[in-house]
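# Structural characterization, general
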Amino acid sequence: MSGPACNIQPTEYKVFFPDEPALEAWGRRFAPALKPGMLVTLQGDLGAGKTTLVRAVLKALGVTGRIKSPTYPLLETYNVSSLYLYHFDFYRIKGPFELEDAGFRECFAGPGLCFVEWPERAAGWLPAPDVTLTLRVEDAGRTLLAASGSDLGKECLERTFNA
Ligand SMILES: Nc1ncnc2c1ncn2[C@@H]1O[C@H](COP(=O)(O)OP(=O)(O)OP(=O)(O)O)[C@@H](O)[C@H]1O
Ligand SMILES: [Mg+2]
């Protein structure tokens, strides 16, 4: 049986950050490598550092002021020089129907840049991510696994890790 047609070779990276500032510094390198329309998903346990990382990326992209964790509502939207930035957290959703009803589909179809915490809660509904980030807690440190799911994501990670 053959799998879905896919000519993309995933790129995978693994890196350890000893503390929070080190993770945030990576977020600041990642930010300029992102392109409009990309979807970045973030996985990892509660408190793994997903919001901490998105916050660092959003700040580096020019978001000023308080960056809240999107608990309720499930989405925080930012607008920086005509680029829409969507930060979702799907931890509390009851099912993809909620996302459909909320009209979130269009966020993923447009030129905005999307970050999604707890993407596994929307499995089957969410489009394929360009970049998947997974954080693992190691005391005060964090191990980050980064994988690309598209050519755009691959270029983005190459640029970030080779910067
Ligand atoms: N090296 C580190 N990197 C990131 N966060 C760290 C680190 N060390 C300690 N922390 C702390 O861990 C917590 C991470 O919380 P954060 O809200 O970013 O997690 P999260 O993965 O978004 O959780 P949730 O699934 O609840 O949304 C923060 O309180 C942060 O200060
Ligand atoms: Mg969070």
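See the structure printed just above.
### A few points about the site of ligand 1
As a matter of local geometry, ligand 1 sits amid 16 residues, with Glu20, Lys50, Thr51, Thr52 and Ala140 nearest to it. Separating an oxygen atom of ligand 1 from a side-chain N or O atom of glutamate 20 is a distance of 2.6 Å. At 2.5 Å, a side-chain N or O of threonine 52 approaches an oxygen atom of ligand 1. Here ligand 1, which alone exposes 640 Å², has 72% of that area covered by the protein. More than half of the atoms belonging to ligand 1 lie within 2 Å of the grid points that define the largest pocket. At the level of secondary structure, the elements contributing two or more residues to the shell around ligand 1 comprise α1 (20-30) and α2 (50-60). Taken together, the residues of the shell around ligand 1 break down into 5 nonpolar, 4 polar and 7 charged.

### With respect to the pairing of strand β2 (residues 39-43)
A regular strand carries its side chains on alternate faces of the sheet. The buried count for β2 comes to 4 of 5 residues, which makes it a mostly enclosed element. Alignment of β2 against strand β5 (residues 113-117), held across 4 bridges, turns out to be parallel. The residue of β5 that forms the bridge with threonine 41 is valine 116. Across 4 bridges, the pairing between β2 and strand β6 (residues 131-138) is parallel. Each residue of the ladder has a partner; that of valine 40, found in β6, is valine 131.

### Digging into the coordination of the magnesium ion (ligand 2)
Coordination angles at a metal have ideal targets, namely 109.5 degrees for four tetrahedral donors and 90 or 180 degrees for six octahedral donors. Taken together, Thr51 (OG1) and Glu117 (OE) make up the protein donors of the magnesium ion (ligand 2), found 2.0 to 2.1 Å from the metal. Taken together, the residues span a long stretch of sequence, with threonine 51 in helix α2 and glutamate 117 in strand β5 at a distance of 66 residues. The pair formed by threonine 51 and glutamate 117 is uniform in burial state, with each residue classed as buried.

### So, the packing of aromatic side chains
All chains considered together, the criterion is met by 11 aromatic pairs. Centre to centre, the rings of tryptophan 26 and phenylalanine 161 are 5.6 Å apart; their planes meet at 45°, and the pair counts as tilted. Residue tryptophan 26 is found in helix α1, and its partner phenylalanine 161 is found in helix α5 (residues 151-162); the two are separated by 135 residues along the sequence. On the accessibility criterion, tryptophan 26 (1% relative accessible area) is buried. With relative accessibility at 23%, the residue phenylalanine 161 sits in the partly exposed group. Relative to tryptophan 125, the ring of phenylalanine 108 has its centre 5.6 Å away and its plane inclined at 85°; by these criteria the two rings are edge-to-face. One end of the pair, phenylalanine 108, is in helix α4 (residues 105-109); the other, tryptophan 125, is in the loop between β5 and β6, and 17 residues separate them in sequence. On the accessibility criterion, phenylalanine 108 (13% relative accessible area) is buried. By relative accessible area, which is 7% here, tryptophan 125 ends up buried. An aromatic cluster is defined as three or more aromatic residues linked by ring pairs; in this entry it consists of Tyr84, Tyr86, Phe88, Phe90, Phe104, Phe108 and Trp125.

### Regarding unusual backbone geometry
Positive phi, close to 35°, is recorded for serine 81, a residue that is not glycine. Here serine 81 is to be found in the loop between β3 (75-80) and β4 (83-89). Positive phi values are uncommon outside glycine, yet serine 82 reaches one of about 65°. Tracing the sequence through the fold places serine 82 in the loop between β3 and β4.

Parameters at a glance
Residues numbered from 1 in each chain as written. Chains lettered and ligands numbered in written order. Predicted model: local features only at pLDDT ≥ 70, side-chain atom pairs only at ≥ 80, totals over all residues. Heavy atoms only, no water. Near = heavy atom within 4 Å. Polar contact = N/O pair within 3.5 Å; in protein donor to acceptor, adjacent residues only side chain to side chain. Areas by Shrake-Rupley, 256 points an atom, 1.4 Å probe, with all protein chains shown as cover. 1 Å grid on protein atoms, 1.4 Å probe; cavity = no way out; pocket = protein on both sides within 12 Å on 5 of 7 lines; lining within 4 Å. Sits in = over half its atoms within 2 Å of the grid points. Helix = DSSP H or I, 4+ residues; strand = E, 2+ residues; numbered from the N terminus. Nonpolar A, V, L, I, M, F, W, Y, C, P; charged D, E, K, R; others polar. Buried < 20%, exposed > 50% of the residue type's maximum accessible area, 1.4 Å probe, protein only. Pairing = 2+ DSSP bridges. Donors = N, O, S within 2.8 Å, 3.2 Å for Na, K, Ca; no water. Phe/Tyr/Trp six-rings, centres within 6.5 Å; stacked < 30°, edge-to-face > 60°.

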